[in-house]
Amino acid sequence: MQSIKQIPESSICDPAKYEYKKSSYSEVYEVLQSLRNGEVFCDIKLETDDKKIIFAHKVVLASASPYFHAMFTNFAERNHDLVVMKKLDFTALQLLVDFIYSGKISVTEESAQALLQAANLLQLEEVKEACCHFLQTQLCTTNCIGIYAIADLHSCTKLLASSELYIQQHFSEVFGDDEFLSLSSEQVVKFISSDKLIVPSEEKVFECVIRWVSHESGLRKCSLSQLMEHVRLPLTSKNYILKTVVEEPLIKNCLKCKDYINEALNFHNNILKSEELISQNIRKKPRYGDKVILAVGGIETELSKRTEWYDPKTDRWHYGPEMITSRGRAGLAVVKDNLVFAVGGFDDDVESLRSVDVLDLSSESPCWKPSVGMLVERDILGVGVINNYLYAVGGHNDSDGTLDTAEVFDYDTQEWSFITSMSTIRYDFGVGVLNNLLYAVGGLGQSSQALDTVECYDPNLDTWTPASIMCVHRRGAGVGVLDGVLYAVGGHDGFNYLRSVETYTPNTGVWTSIGEMSLPRRHAGVVALDGLLYVVGGDDETSNLDAVECYNPKTNTWTMVTASMNDKRISVGVVVINRPQHFKTC
């Protein structure tokens, strides 16, 4: 007879427990929605102002919405089977009830505002956040003020902040739209008084005030003096004040506004006292959102640590934070908008440097600090930034002579690594970044003669490719990029200091000569700002230069900038930076 396996006694007597958890509640949602659609067990009807009815179950609404929970537990509506939902859009309410029953909702441009209002009332935070996220993705110059008003009305903190920032960053376009005219005087004041307002010139702020007041001048002209208090007239040109501001009819009839005009004219007529005036009055203080030019170093010992910065609105140079390392002929670049890197160069003993220093512009006390050193000592090198990766290319050192090697710094990992070497050894050359390609322009090569060759590096392929040769051999040329065009400026051809300038566009693939500079320059800094190309310092055949000039591509003309640098600088590094809020010498 077959034996029967004995079951352990403990397995029979010990208490047992098995838990099962439903993996999805979608079937429950579907049943509840089906019951609602069939008006089965429904114990509440929601009526909107247009007399349309939505059937539902109190317990379901109360489980999802704190608003309905309070209504059906603590207020008179708990005993009613009909509730009037005043000032709520029927379609929006229908979508929200559907969401409560299904857990799904679609937000569109047409429904977003009404949904946000209804979700805010019903305290459906998930839907409110979804609406805010959608509206944030839709921000543009024609709707940002409307979205700002919606966010303010419904206390949407993140959307309010993002729409306010968008308005500040695109103010020149926003104030030209009709939505701008709907702002209250208090709201206009809030925007134009902000240090973070980004405008190409303070003239735009004046023009927006006049446009807003003129829209309903009978009602709004009483606000003109209050608005003009926040227009930084001293930062406009004297010519603009005399020809435009003074002649504006609204201004002529405002006594207080004349005081602001006199203040601005006095500022222009007292150049020697301008620093004192700036510190005393917000109207003479440039906005933080403005861009300025930072100039760093030079080959002279006394200049190798000094920095200075140029404000194109006031046409003045100011000293900035002093570097911690003496650097002659270093590379300069900006990473992640607020980090300025001074790379390599040589020290007071003319020894090539591996070291790198960084200036964090977002700091409350911006000071230069040591960063991670390169893999190779480099002076008279080229630097460029692509997608926040810092590239150091070519150059020279005492051990290896002229270099063809190149390396890249990843700020996130804080590591340098080699990339493919250039096809030509180069030093005393220029670097420009155009369309995410790094161009090495001219310089000195194996024969110690000025080069006319150009090559470009593609970081996606890790390859260097020859580009078209220049019209002129150039060593010590300044290189800059403006509006999709690469510029090679000045330099030395082996015989002469050059005034000549040429440009390269990838579409044509050729170099083209343009208007010559006012002065011949070698080893000048070149940078683009506000549609102009600035050339800073350098040297000519007789001396180092403190002179600055700028090129306007619309007129193909060069103009000398009135304000010279505080110091004469050769091999100066220049970059454009956001105006720091706390820029002091360390």
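Our subject is the structure that appears above.
Presented here is a report on the structure given in the accompanying data block. (Residues numbered from 1 in each chain as written. Predicted model: local features only at pLDDT ≥ 70, side-chain atom pairs only at ≥ 80, totals over all residues. Heavy atoms only, no water.)

At a minimum axis distance of 9 Å, the contact between helix H5 (residues 90-102) and helix H6 (residues 112-122) shows a crossing angle of 55°. Taken together, H5 and H6 sit at an angle that is classed as oblique. Where H5 crosses over H6, the handedness of that crossing is right-handed. Each of Ala92, Leu93, Leu95 and Leu96 in H5 lies in contact with H6, whose residues at this interface are Ala114, Leu115, Ala118, Ala119 and Leu122. Of the residues contributing to the contact of H5 with H6, the split by class is 9 nonpolar, no polar and no charged. (Axes fitted to C-alpha atoms, helices over the stretch in contact; angles between N-to-C directions. Helix = DSSP H or I, 4+ residues; strand = E, 2+ residues; numbered from the N terminus. Parallel < 35°, antiparallel > 145°, perpendicular 65-115°, else oblique. Left-handed = near helix turned anticlockwise from the far one by under 90°. Contact = heavy atoms within 4.5 Å. Nonpolar A, V, L, I, M, F, W, Y, C, P; charged D, E, K, R; others polar.)

The next subject is the environment of Asp410. Tracing the backbone through its elements, the reader meets Asp410 in strand E15 (residues 406-410). Looking at Asp410, the relative accessible area reads 17%, which means it is buried. Along the sequence, Asp410 and Asn143 sit 267 residues apart, while their C-alpha atoms lie 38 Å from each other. Apart from the residues within four sequence positions on either side, Asp410 is in contact with Tyr389 and Glu415. Within polar-contact distance, the side chain of Asp410 engages the backbone nitrogen of Asp412 at 2.9 Å. (Buried < 20%, exposed > 50% of the residue type's maximum accessible area, 1.4 Å probe, protein only. Polar contact = N/O pair within 3.5 Å; in protein donor to acceptor, adjacent residues only side chain to side chain.)

Take the packing of aromatic side chains next. All told, the structure shown has 18 aromatic pairs when counted by the stated rule. Ring geometry for Tyr551 and Trp558: centres 5.0 Å apart, planes at 40°, overall tilted. The class of Tyr551 is buried, set by a relative accessible area of 4%. Residue placement shows Arg36 over the ring face of Tyr101; its charged tip is 4.9 Å from the ring centre. Looking at Arg220, its charged tip hangs above the ring of Trp212, at a distance of 4.1 Å from the centre. (Phe/Tyr/Trp six-rings, centres within 6.5 Å; stacked < 30°, edge-to-face > 60°. Lys NZ or Arg CZ within 6 Å of the ring centre and 35° of its normal.)

The next subject is the packing of H6 against helix H7 (residues 125-137). One way to put it is that H6 packs onto H7 with a least axis distance of 9 Å and a crossing angle of 150°. With respect to each other, H6 and H7 are oriented roughly antiparallel. As for the relative orientation of H6 and H7, their crossing is left-handed in sense. Side by side, H6 and H7 meet where Ala112, Leu115, Leu116, Ala119 and Asn120 of the first sit next to Val127, Lys128, Cys131, Cys132, Phe134 and Leu135 of the second.

Turning our eyes to something else, we now look at the environment of Ala64. Within the fold, Ala64 resides in helix H3 (residues 58-64). The contacts of Ala64, once residues within four sequence positions are left out, are Ile100 and Leu124.

When its volume is computed, the largest pocket comes out at roughly 1300 Å³. Only strand E7 (331-335), strand E11 (382-386), strand E17 (430-434), strand E21 (478-482), strand E25 (525-529) and strand E29 (573-578) provide two or more residues apiece to the lining of the largest pocket. Per element, the largest residue contribution to the lining of the largest pocket is 6 residues, and it comes from E29. When the residues that make up the lining of the largest pocket are grouped by side-chain class, the tally is 25 nonpolar, 15 polar and 5 charged. As a volume, the second largest pocket reaches approximately 660 Å³. Lining the second largest pocket are 26 residues; nearest its centre among them are Pro200, Pro312, Lys313, Asp530 and Tyr534. Of all elements in the fold, only helix H12 (202-215), strand E26 (532-536) and strand E28 (557-560) reach the threshold of two or more residues within the lining of the second largest pocket. Looking at the lining of the second largest pocket residue by residue, the classes come out as 11 nonpolar, 7 polar and 8 charged. (1 Å grid on protein atoms, 1.4 Å probe; cavity = no way out; pocket = protein on both sides within 12 Å on 5 of 7 lines; lining within 4 Å. Points joined across faces, edges and corners; volume = space filled by probe spheres on them.)

Here we take up helix H4 (residues 66-74). Taken together, the buried positions of H4 are occupied by Phe68, Met71 and Phe72. The arc that holds the buried residues of H4, viewed along the axis, is 80°, so those residues lie on one side. On its buried face, H4 sits against strand E1 (44-48), H3, strand E3 (82-85) and H6. (Arc of directions from axis to C-beta.)

Let us now look at the nonpolar core. The biggest cluster of nonpolar side chains holds 81 residues, and the ones touching the most others in it are Leu46, Leu61, Phe171, Phe180, Val209, Leu224 and Met228. Examining the composition of this core, we find that 8 residues originate from one element, H5, more than from any other. Ignoring sequence-local partners within four residues, the contact set of Phe180 consists of Ile145, Phe171, Val174, Phe175, Val188, Cys208, Arg211 and Trp212. Membership of the second largest hydrophobic core comes to 15 residues, among which are Ile293, Ala295, Val561 and Val572. (Core = buried A, V, L, I, M, F, W, Y, C linked by side-chain atoms within 4.5 Å.)

For E25, a buried count of 4 out of 5 residues is recorded, marking the element as mostly surrounded by other parts of the structure. Pairing between E25 and E26: 5 bridges, direction antiparallel. Bridging from a neighbouring strand, Val527 pairs with Tyr534 of E26. (Pairing = 2+ DSSP bridges.)

The gaps of empty space that remain are located by a probe, the size of a water molecule, rolled over the atoms. The full count for this structure, using the stated rule, is 1 cavity of 30 Å³ or more. Put simply, the largest cavity is a space of about 70 Å³. Looking at the largest cavity, it is lined by 14 residues, and the ones nearest its centre are Val296, Gly297, Arg327, Ala330 and Gly573. Of the residues contributing to the lining of the largest cavity, the split by class is 6 nonpolar, 6 polar and 2 charged.

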